[in-house]
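Commentary on secondary and tertiary structure
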Amino acid sequence: MKYASLNELEDATTEVIHLLVDEAYQGIVRPEQVIDQLQGQGPSYQPFLFFYMRALWKGQGTQNERGRGLTQVAAEGKTLVEDFGDLAVELFAEYDRPLLMEFLRSSQSYAFEKASQVCEARHYIPELVHLLSKTGQTKRALFLIIDKLGDVSQAISFAKEQNDPDLWNDLLDYGMDKPRFIRGLLEEVGTAINPITLVRRIPEGLEIEGLRDGIGRMIREYEIQFSISEGVARVLRGEVAMGMDTLRAGQKKGVKFEVVHDRDGDVEVY
């Protein structure tokens, strides 16, 4: 076992892991019992703990209990894993990074600070960006995208998602001395920023390859958006005018009613 690869260990234990998952769903052997025993065996048993937690999360038993679908079984498994959120973060970070991001996005059961420490220690920047934005630390998340990933497109997408004017100012402040960054802004920012505001902040004399094309594209997008907005406004004005005409016509019409005399001579109007 000491020299076996992760794949070899997985192949050797798949059937046992899936049986344990079935028993967890049935309430025969609870997850805490399995986890306590595996943790008690020391670090060398950590891969098996990962196999078990992953199988629980994905609903990977030997069968779907009593004909239930995989989606329902997986949902129950996720609920079981929620009780061990911090452990799941550590295991998924060690053995299955895509699953880690899935868990971070869909779960609320882990400690954000501890998860951030795990991701920071491993230099998992996209995961750390997600955690920071989830806890309101958007400025730090933005600068991680810029400094660590150097991804202009992702920085712009992130700023658009947050829709925070201060974040856009931070983005512009950072990028105004970097030609590649400015060009990316011109090409991808769309209508999120006023073109005049962006162009005015470009330092005089800074050489930017493709500057003219970038400005042209940004202005065209802005004009298209303005044209669409103007068209929608015209349609709405027309609909409002038609509605008002209908209302006025209705108000001018007489109201037909019938006077009914009852036996006692009272008059009721309907």
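Just above, that's the structure.
Below: a short report on this structure. (Residues numbered from 1 in each chain as written. Predicted model: local features only at pLDDT ≥ 70, side-chain atom pairs only at ≥ 80, totals over all residues. Heavy atoms only, no water.)

1. Description of the nonpolar core
- Core analysis: the largest hydrophobic core is formed by 62 residues, its most contacted members being Met53, Phe92 and Leu171.
- The dominant element in this core, judged by the number of residues it contributes, is helix H3 (residues 46-58), at nine residues.
- When neighbours within four sequence positions are excluded, Met53 is seen to be in contact with Ile35, Val81, Phe84, Leu87, Ala88, Leu91 and Phe92. (Core = buried A, V, L, I, M, F, W, Y, C linked by side-chain atoms within 4.5 Å. Buried < 20%, exposed > 50% of the residue type's maximum accessible area, 1.4 Å probe, protein only. Helix = DSSP H or I, 4+ residues; strand = E, 2+ residues; numbered from the N terminus. Contact = heavy atoms within 4.5 Å.)

2. Focus: the environment of Val21
- Turning to its location among the elements, Val21 is positioned in helix H1 (residues 6-26).
- A residue is classified by how much of its surface remains accessible, and Val21, at 0% relative accessible area, is buried.
- Residues Val21 and Val34 lie 13 residues apart in sequence; the distance between their C-alpha atoms is 9.9 Å.
- Not counting chain neighbours up to four residues away, the residues in contact with Val21 comprise Tyr52, Ala55, Leu56, Gln60 and Gly61.

3. Quick notes on the packing of H3 against helix H5 (residues 85-95)
- As a packed pair, H3 and H5 sit with axes 10 Å apart at the nearest point and diverge in direction by 110°. When the axis of H3 is compared with that of H5, the two are roughly perpendicular. On the side of H3, the interface is formed by Gln46, Pro47, Leu49, Phe50, Met53 and Arg54, while H5 contributes Leu87, Ala88, Leu91, Phe92, Glu94 and Tyr95. (Axes fitted to C-alpha atoms, helices over the stretch in contact; angles between N-to-C directions. Parallel < 35°, antiparallel > 145°, perpendicular 65-115°, else oblique.)

4. Details of the packing of aromatic side chains
- In the structure shown here, the tally under the stated rule is eleven aromatic pairs.
- An angle of 65° between the planes, with centres 6.2 Å apart, marks the rings of Phe48 and Phe51 as edge-to-face. One end of the pair, Phe48, and the other, Phe51, are both in helix H3, three residues apart, so they sit about a helical turn from each other.
- Looking at Phe48, the relative accessible area reads 9%, which means it is buried.
- Three or more aromatic residues joined by ring pairs form one cluster here, namely Tyr45, Phe48, Phe50, Phe51, Trp57, Phe92, Tyr95, Phe103, Tyr110 and Phe112.
- Against the face of Trp57 rests Lys78, its NZ or CZ located 4.8 Å from the ring centre.
- Taking NZ or CZ as reference, Arg97 lies 4.1 Å from the ring centre of Tyr124, over its face. (Phe/Tyr/Trp six-rings, centres within 6.5 Å; stacked < 30°, edge-to-face > 60°. Lys NZ or Arg CZ within 6 Å of the ring centre and 35° of its normal.)

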